[in-house]
Amino acid sequence: MIHQTLRKLRLPHQHQFNNKGFTLPEVLVILTVWATLILIFSPLQHRMMDSLKTKQFFSQMESDLLLTQQLTMQKHEGYYLMFRKSKDDYILYDPVNKESLLQRTLPKDWRYQMNTMSSTIRFRRDGTIRQPGSMRFYAGNKTYKVTFPFGTSRMRLDEL
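Here goes a summary of the coordinates provided. All of these numbers come straight from a predicted model, not from anything done at the bench.

## A look at the pairing of strand β7 (residues 142-148)
In terms of burial, β7 is largely enclosed, as five of its seven residues are buried. In this structure, strand β6 (residues 133-139) lies alongside β7, joined through seven bridges in antiparallel fashion. Directly across from Phe137, in β7, lies its bridge partner Tyr144. Counted between consecutive antiparallel strands, the loop separating β6 from β7 contains two residues, among which Gly140 sits at a positive phi close to 65 degrees. Relative to strand β8 (residues 156-159), β7 runs antiparallel, the two being bridged by four bridges. In the strand pairing of β8, Val146 is matched with Leu157.

This is the structure:
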């Protein structure tokens, strides 16, 4: 009886311990897999963010052109959208009231060039553009051509 009691108090053998942790090689394998996944998907995320920024900028610019066109048709022909190289932005200006209605800054590291038009975009009372033409935007390693055609359509965007 005493012998059985001592046997019950005896510590279990090493193989009877319940290991609930990970070994160092297992942890290193998992960390290597995670690092590889991060290296693969990080550039993809960067490209996606650039694409969204570009899409948002041109969508906003088209909305601002529509606003300029609508204000011209409803109020007076003085409204214009003016691109300012010195500040890398454009403004919607009302010369009658001598005020800027909005200002939009180009995304960081973007630049533009007026090809066949002046730096101001104006519309006539009937909604047609006064001076059709085109301009280019340089966004990192991508180039976009924005065309302002004859008629009441506002702009066409092409990636070059």
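Right, picking up where we left off after that structure.
## Considering a nonpolar patch on the surface
A surface patch of nonpolar side chains, about 1,100 Å² in accessible area, is lined by Val29, Ile30, Val33, Trp34, Leu37, Ile40, Phe41, Leu44, Met48, Met49 and Leu52. In this structure, Trp34 sits in helix α2 (residues 24-74).

## A closer look at the packing of aromatic side chains
Enumeration over the complete set of coordinates arrives at 13 aromatic pairs. Residues Phe57 and Phe58 carry aromatic rings whose centres are separated by 5.3 Å and whose planes lie at 70 degrees to one another, so their mutual orientation is edge-to-face. Of the two residues examined, Phe57 and Phe58, each falls in the buried class. Measuring from centroid to centroid gives 5.0 Å for Phe57 and Trp110, while their planes differ by 70 degrees, and the two rings are edge-to-face. Placement of Phe57 in helix α2 and of Trp110 in strand β4 (residues 110-114) is noted, with a sequence separation of 53 residues between them. What makes Phe57 buried here is its relative accessible area of 5%. Judged by relative accessible area, which is 6%, Trp110 ranks as buried.

Reading the values: the criteria
Residues numbered from 1 in each chain as written. Predicted model: local features only at pLDDT ≥ 70, side-chain atom pairs only at ≥ 80, totals over all residues. Heavy atoms only, no water. Buried < 20%, exposed > 50% of the residue type's maximum accessible area, 1.4 Å probe, protein only. Helix = DSSP H or I, 4+ residues; strand = E, 2+ residues; numbered from the N terminus. Pairing = 2+ DSSP bridges. Patch = residues over 30% accessible without salt bridge, like charges linked within 9 Å, V, L, I, M, F, W, Y side chains within 5 Å. Areas by Shrake-Rupley, 256 points an atom, 1.4 Å probe, with all protein chains shown as cover. Salt bridge = Lys/Arg side-chain N within 4 Å of Asp/Glu carboxyl O. Phe/Tyr/Trp six-rings, centres within 6.5 Å; stacked < 30°, edge-to-face > 60°.

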